[in-house]
Amino acid sequence: MKWIGFLSLVALSECLVTIPLKKIKSMRETLREKDLLKDYLENHPFSQAYKFLHKEPGITSAPMRNYLDLYYVGSIRIGTPPQEFQVIFDTGSADLWVPSIYCSSPACLKHNTFNPRKSSTFQKTNRPIELHYGSGSMTGVLGYDTVQVGELVDTSQAFGLSRTESSKSLEYGAFDGILGLSYPNIALQGTLPVFDNMWKQGLISQNLFAFYLSSNEKKGSVVMFGGVDHSYYKGDLKWVPVTKQGYWQISVDSISMNGKVIACDGGCQAIVDTGTSLLIGPRYSVFNILKIINAWTTKTGEHIVNCNAINTLPDIIITINGIRYPVPASAYIRKSDVNICYSNFEDTLGNIDLWILGDVFLRLYFTVFDRANNRVGLAPAVA
């Protein structure tokens, strides 16, 4: 049995391509420092969860979310010769888009923009695209070009070139665009996402990718394609079947504290999402948790907790497929640079009976997204 386990680890790490991710200051922190957060939240009182797929005549729409609390970005290159961009590797969306020279929005002027005229491999289309999310929108046009992700060279990849970016969050975000890693059925119609193209073109040896998100340092976080490096986690991977293909959706048994169920009583559905920083759930469930941890709500809707609670509150246990995954108070409460502590729980502001396990959870647990077997693997991340 030991040899079988060893051979499995060898197989999972074969032909592994690792892309470093860097931890950035979140847009929420940046807006707060610039004294813009209050106005931003008042002007955009929308759900930070999902805007589901919808279509309008002549426009292709895809779901996006609010990236206000995101922390991790990585580098990709597009075109020939390559033009470099910092993107969010996002398991909660399926499309790739970057700012372009056609865009004059403030967000585009502050970020790297793609110039198709400087790429000999760019293929033009006249197809408009429109991506909506909680606090704004991106409109643009679809194009095709070579996309390099680390050593992987993905040819004729569909991607969006933005023409307008309507959001302060995009303007102040320390990233240029988004690279989606969810299932292709939620991608722009008729296009193939980056990861699917990698697999189709034979660039990776296994139809999976994985994330390690470092807790303490600006460096150290990685996304790996085509294999798994077991040095990033402890023990064995525990596999959870995907219940609905589109997002990486799984079943959760319960959420508890001190042996008492405090949310997800009787089971619920959750999305494992690298494009969300927080733990997001139905309003009534989140409000119950906020009450238990003695959080109070500011005028802008942020939830503040006494910083001493980090050392006194018990773990919150998320049970998935019979396995208990503790989330300590040091994870579900974040301390700002000015010693104010905020809850890392957020409600969906709607009737969506769905949880989103964002980076708060993923920093604790190394995560494998296995497309070949439609499952998610979880194991305690190394410190």
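Small disclaimer: the values here were computed from a predicted structure and weren't measured.

J.: Whenever I open this one, unusual backbone geometry confuses me. Can you help?
T.: Excluding glycine, a negative phi dihedral is what most residues carry, and trans is how most peptide bonds are arranged. Geometrically, the link from Thr-80 to Pro-81 is a cis peptide bond, its omega value of -5 degrees lying close to zero. Structurally, Pro-81 can be placed in the loop between strand E3 (72–78) and strand E4 (83–90). Phi is positive for Asn-258, which is not a glycine, with a value near 55 degrees. One can find Asn-258 in the loop between strand E15 (254–257) and strand E16 (260–263).

J.: Explain the sheet that holds strand E13 (residues 244–245) here, please?
T.: Strand pairing in a sheet is mediated by backbone hydrogen bonds. Such pairs are either parallel or antiparallel. Strand order in the open sheet formed by six strands is E13-E14-E17-E26-E18-E25, and the pairing between neighbours is mixed. Two strands close off the open sheet at either side, each with one partner strand: E13 and strand E25 (345–347). By the bridge criterion, three bridges tie strand E17 (residues 268–272) to strand E26 (residues 355–357) in an arrangement that is parallel. From the neighbouring strand, Ile-271 faces E26, where its bridge partner is Ile-356. Of the strands in this sheet, strand E18 (279–281), E25 and E26 are in contact with helix H7 (residues 283–292), which crosses E25 at around 145 degrees.

J.: Can you help me understand the confidence of the model for the chain in this one?
T.: Regions with low pLDDT carry predicted coordinates that are not meant to be interpreted in detail. On average, residues of the chain score 85 in pLDDT, and 81% of them are at 70 or above. Counting contacts from residues 1–13, a segment whose pLDDT is below 50, to residues more than four positions away or on other chains yields 11 contacts. In the model, residues 45–66 has pLDDT below 50 throughout and makes 78 contacts with residues more than four positions away in sequence or in other chains.

What counts, and at which threshold
- Residues numbered from 1 in each chain as written.
- Predicted model: local features only at pLDDT ≥ 70, side-chain atom pairs only at ≥ 80, totals over all residues.
- Heavy atoms only, no water.
- Helix = DSSP H or I, 4+ residues; strand = E, 2+ residues; numbered from the N terminus.
- Pairing = 2+ DSSP bridges.
- Contact = heavy atoms within 4.5 Å.
- Axes fitted to C-alpha atoms, helices over the stretch in contact; angles between N-to-C directions.
- pLDDT = per-residue confidence, 0-100.

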